[in-house]
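Structural overview for review
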Amino acid sequence: MLDVDPPATVHREEWRNMQAFLTFTHLGQERKIDCKEAMTLGRDAGCNVVLSDPRASRVHAMLYRTHDGSYYLADERSSNGSYVNAVRITLPTRLNDGDQISIGSTNLQFHLPNAVNHLEAAGTGTRRTTLIVKQNVELLRIAILVADIRGFTRLSESLPVRQLTEMMNQWFREATLCITARDGVIDKFLGDCVYARWEANRDPVTALLHALDAACELNRITLRLCEQYLDLPQPLHIGVGINVGNAALGTDQGRTAIGDAVNLTFRLQEHTKHLDCDILLNRDAFLHLPADQWQGHEQIISVAGKTMPLEVWGLSFNHADTLLQTIRTA
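Residues numbered from 1 in each chain as written. Predicted model: local features only at pLDDT ≥ 70, side-chain atom pairs only at ≥ 80, totals over all residues. Heavy atoms only, no water.

A closer look at the nonpolar core
- Within the largest apolar cluster, 56 residues are counted, with the highest numbers of intra-cluster contacts made by Leu145, Ile242, Ile279 and Leu281.
- Among the elements that line this core, the one with the most residues is helix 5 (residues 204-228), at twelve residues.
- Contacts of Leu281, omitting those with residues within four sequence positions, involve Leu208, Ile242, Leu268, Phe286, Leu289, Glu311, Val312, Trp313 and Leu315.
- Counting 22 residues, the second largest nonpolar core, distinct from the first, contains Leu22, Tyr71, Leu73 and Leu95. (Core = buried A, V, L, I, M, F, W, Y, C linked by side-chain atoms within 4.5 Å. Buried < 20%, exposed > 50% of the residue type's maximum accessible area, 1.4 Å probe, protein only. Helix = DSSP H or I, 4+ residues; strand = E, 2+ residues; numbered from the N terminus. Contact = heavy atoms within 4.5 Å.)

Looking at the pattern of salt bridges
- Counted under the stated rule, the structure contains 13 salt bridges.
- Glu199 is the salt-bridge partner of Arg202, the closest N and O atoms lying 3.2 Å from each other.
- A salt bridge links Glu270 to Arg267; its shortest N-O distance comes to 3.6 Å. Pair noted here: Glu270 and Arg267 are both in helix 6 (residues 260-275), with a separation of three residues, about one helical turn.
- Arg267 gets classed as partly exposed once you look at its relative accessible area, which sits at 35%.
- One network of salt bridges, in which partners are shared, links Glu174, Glu217, Arg220, Arg224 and Asp321. (Salt bridge = Lys/Arg side-chain N within 4 Å of Asp/Glu carboxyl O.)

Re helix 4 (residues 161-181)
- An ideal rise of 1.5 Å per residue puts 30 Å on 21 residues; helix 4 measures up with 30 Å between its terminal C-alpha atoms.
- Of the residues trailing helix 4, Asp183 is marked for its positive phi of about 65°. (Expected span 1.5 Å × (residues − 1).)

Points about the environment of Ser156
- Here Ser156 shows up in helix 3 (residues 152-158).
- Residue Ser156 is classed as buried on the basis of its relative accessible area, which comes to 12%.
- Along the chain, Ser156 and Glu76 lie 80 residues apart, while their C-alpha atoms are 9.9 Å from each other.
- Setting aside residues no more than four positions away along its own chain, Ser156 makes contact with Arg58 and Leu164.

Examining the side chain of Gln163
- Here Gln163 is to be found in helix 4.
- Exposure remark for Gln163: the relative accessible area of 17% places this residue in the buried category.
- Look past the residues within four positions of Gln163 in its chain and what remains in contact with it is Tyr229 and Asp231.

Interpretation in functional terms is not warranted from these geometric data alone.
Structure (structure tokens):
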């Protein structure tokens with residue numbers, strides 16, 4: 001049994017004129033679900049796609065549309081996993097036209113009629129679905145920001161799903177405006193996390209300052225949500241990792257930047273919880289800032305996947321705001 005918001009029936013000849021949508025078979029009848037900017041799939045009655053399946057988690061997966069029109073499926077730490085084309089996904093996975101999503105015993109097919117499958121166009125006959133695999137890339141230097149809403153798992157378990165989705169959609173919209181207003185690019189949303197980047201080949205200092213300024217504004221956005229949603233089980237907080245480094249940028253439609261510098265930024269964000277700071281910068285980032293701000297405040301941490309310890313600098317949002325103001329008036 002599967003319910004959608006709202007349910008609808010569609011004929012095949014109508015599909016080619018539509019934007020992204022999901023189709024499935026229910027009681028012998030083909031039905032469709034128009035894809036929203038963000039939608040939830042799970043057992044909870046408040047999900048956009050309700051799965052009456054004991055193997056489905058309350059909020060099992062989320063489907064997102066990114067700035068370039070691509071759609072990603074992200075598993076929300078479900079017990080039994082989410083599958084794309086029979087492969088269990090561990091990272092948010094970009095969906096291609098015709099991909100099959102499997103959750104428990106439910107199979108849905110993703111449709112994006114106007115999209116071009118680049119690998120098929122190249123004659124390989126293989127559909128790419130994973131986030132990481134890239135054939136054509138360019139190497140560049142970028143400033144990277146990863147911001148994560150802390151305690152999101154507890155939040156998702158406590159709030160009605162419709163309220164959670166509404167709140168997260170608002171956070172995503174305002175986060176997108178925040179990043180683009182500072183000349184950045186939203187690379188992707190990962191459930192409760194935003195990953196953004198700035199080109200830093202020509203001017204790494206300006207790119208870093210944009211990232212730092214965006215971090216402060218994301219904090220203000222989050223605080224405003226707390227004031228708007230007074231019945232939250234706990235105040236909303238974010239942790240931010242910022243780094244400057246080299247990355248490989250795919251030249252296809254997804255344009256996702258990947259590489260060690262990106263992975264490290266996600267690790268920095270995670271370490272804000274352990275170091276009790278709001279923002280954590282790697283040495284490659286904080287060296288671009290005035291030395292009198294960070295000198296003597298560096299810390300050494302060990303990061304999974306790194307054989308050598310890392311030198312980092314943690315600061316609060318208030319400190320970051322003061323630092324930016326000092327630099328602007330200098």
